[in-house]
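Residue-level listing of the chains:
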Amino acid sequence: MSTVVASEAPAGSARGFRFAMLLPGGLVTFFLILFALGLVLFLALRGNDGSLLGAGFTAGNFITVVSDPLYWTVTLRSLVIAGLVTLATVVTTYPVAYYLAFHAARRRSLLLFLVTLPFWTSYLLRVFAWKIVLAYNGVLNSALIESGIWSEPTLAFLNTPAAVVVTLAHAYAPFAILPIYVALDTIPKSLLEAASDLGARPFTAFRRVVLPNSMPGVLAAALVVFVPTVGDYVTPAMVGGPASAMIGTLIQSQFGKANDWPFGAALSVCVMLVILCVVLVARGADRKFGSRT
């Protein structure tokens, strides 16, 4: 009898410990994620009467979003810009992650520290720095004039979609480097040695061994960059101009100047559904490429 009681006591204490450890995370998940999403969906189904929570229930907000071509155009523009940012970020950060994984050696810790260093500064500060670089009298125009390439400043850099792509690609580069680096670092070195023993040249070994086995990290990096980029509204407002307005800008204006929280919530729900479709596609691709690791 004493043996049974002694065995049940540790089991009960273990369950209590697990519950205590899971409770804070569960509360945060519920109140900051599930409750917030539920509140957004509730607002999306309300009519706008000037109050915070609206009045009555209606599907008119969603009908307006679907039927108005303006929101389709802005959403498509947001997806294209986010796709270009993701492509530019992954292409430019993959060599950095590759160097960290295979060639950094003793400098790896220092370089990883430098990669995470931008997290220490404000996101707005980095965006504003690019605005100074791309401005009419900014660093880039001044350098081109001093070098004799151009004779006068140009407006071709700032307030363009290209400025948004460059700024966002720089801002989210650390988020792409880390997952790609982790995927590359977990590739067994024996695979590369086996490829070399079988006569594979460096590029062939990279194409047949390294790249396929790093695809889960590449897909993770692409997803980490793409999802927040779609809804970004700060960068388009600061360096993009009216022609580069994204869906996040419209959502922010509904919650701000327009004071139409129900319609802003409906726009948010529609954007989340679009992002969910992208995530599902990425998950399917991850299952396909993940089997190679």
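What you see is a predicted model, and the numbers here were worked out from it, not measured in a lab.

Chemist: Sorry, what's going on with the overall build of the protein chain here?
Modeler: The helix and strand inventory of the protein chain stands at 13 helices and two strands. In terms of C-alpha radius of gyration, the protein chain reaches 25 Å, well past the compact-globule figure of 19 Å for 293 residues. With respect to the three principal axes, the spread of C-alpha positions in the protein chain is 75 × 65 × 35 Å. The buried share of the protein chain, reckoned over its 293 residues, is 34%. As displayed, the protein chain has an accessible area near 17100 Å², and 72% of this comes from carbon and sulfur atoms. Side-chain charges in the protein chain split into 18 positive and 11 negative, and the spacing between the mean points of these groups amounts to 9 Å.

Chemist: Would you explain the packing of helix 5 (residues 123–134) against helix 6 (residues 139–146) in this entry?
Modeler: Helix-helix packing: each pair is described by the crossing angle between the helix axes and the interaxial distance. Helix 6 packs onto helix 5 with a crossing angle of 30 degrees between their chain directions and a minimal axis gap of 4 Å. Judged by the angle between their axes, helix 5 and helix 6 are roughly parallel. Across the interface between the two elements, Ile132, Val133 and Leu134 from helix 5 touch Val139, Leu140 and Asn141 from helix 6. Of the residues that constitute the contact of helix 5 with helix 6, the class distribution is five nonpolar, one polar and no charged.

Chemist: Where do I start with the nonpolar core in this structure?
Modeler: Inside soluble globular proteins, nonpolar side chains tend to come together where they are buried. In terms of nonpolar packing, the biggest core is built from 40 residues, with Val85, Leu100, Ile180, Leu184 and Val239 touching the most fellow members. Looking at this core, the elements with two or more residues in it are helix 3 (69–102), helix 4 (108–116), helix 5, helix 7 (161–171), helix 8 (173–185), helix 10 (202–230) and helix 11 (234–240). In terms of residue count, the dominant contributor to this core is helix 3 (eight residues). If near-sequence neighbours (up to four positions away) are discounted, Val85 is found in contact with Val164, Val165, Leu168, Ala169, Val225 and Thr229.

Chemist: Looking at this structure, how should I read the side chain of Ser214?
Modeler: Following the sequence through the fold, Ser214 ends up in helix 10. Under the relative-accessibility criterion, Ser214 is labelled buried at 0%. In terms of polar contacts, Ser214 uses its side chain to reach the side chain of Tyr94, at 2.7 Å. If we ignore the near neighbours within four places in the chain, the residues touching Ser214 are Tyr94, Ala183, Leu184 and Ile187.

Chemist: Honestly, the environment of Gly240 in this entry has me stumped. Any pointers?
Modeler: Structurally, the position occupied by Gly240 is in helix 11. With a relative accessible area of 0%, Gly240 lands in the buried category. As a C-alpha pair, Gly240 and Val164 span 76 residues in sequence and 5.5 Å in three-dimensional space. Every residue in contact with Gly240, bar those within four places of it in the chain, is listed here: Asn159, Thr160, Val164 and Thr235.

Chemist: What exactly am I supposed to notice about the side chain of Thr93 here?
Modeler: Relative to the assigned elements, Thr93 resides in helix 3. Beyond its immediate sequence surroundings of up to four residues, Thr93 is in contact with Ala173, Ala176, Ile177 and Ile180.

What counts and what doesn't
Residues numbered from 1 in each chain as written. Predicted model: local features only at pLDDT ≥ 70, side-chain atom pairs only at ≥ 80, totals over all residues. Heavy atoms only, no water. Helix = DSSP H or I, 4+ residues; strand = E, 2+ residues; numbered from the N terminus. Rg over C-alpha atoms; globule rule 2.2 N^0.38 Å. Buried < 20%, exposed > 50% of the residue type's maximum accessible area, 1.4 Å probe, protein only. Areas by Shrake-Rupley, 256 points an atom, 1.4 Å probe, with all protein chains shown as cover. Lys, Arg positive; Asp, Glu negative; His and termini not counted. Charge placed at Lys NZ, Arg CZ, Asp CG, Glu CD. Axes fitted to C-alpha atoms, helices over the stretch in contact; angles between N-to-C directions. Parallel < 35°, antiparallel > 145°, perpendicular 65-115°, else oblique. Contact = heavy atoms within 4.5 Å. Nonpolar A, V, L, I, M, F, W, Y, C, P; charged D, E, K, R; others polar. Core = buried A, V, L, I, M, F, W, Y, C linked by side-chain atoms within 4.5 Å. Polar contact = N/O pair within 3.5 Å; in protein donor to acceptor, adjacent residues only side chain to side chain.

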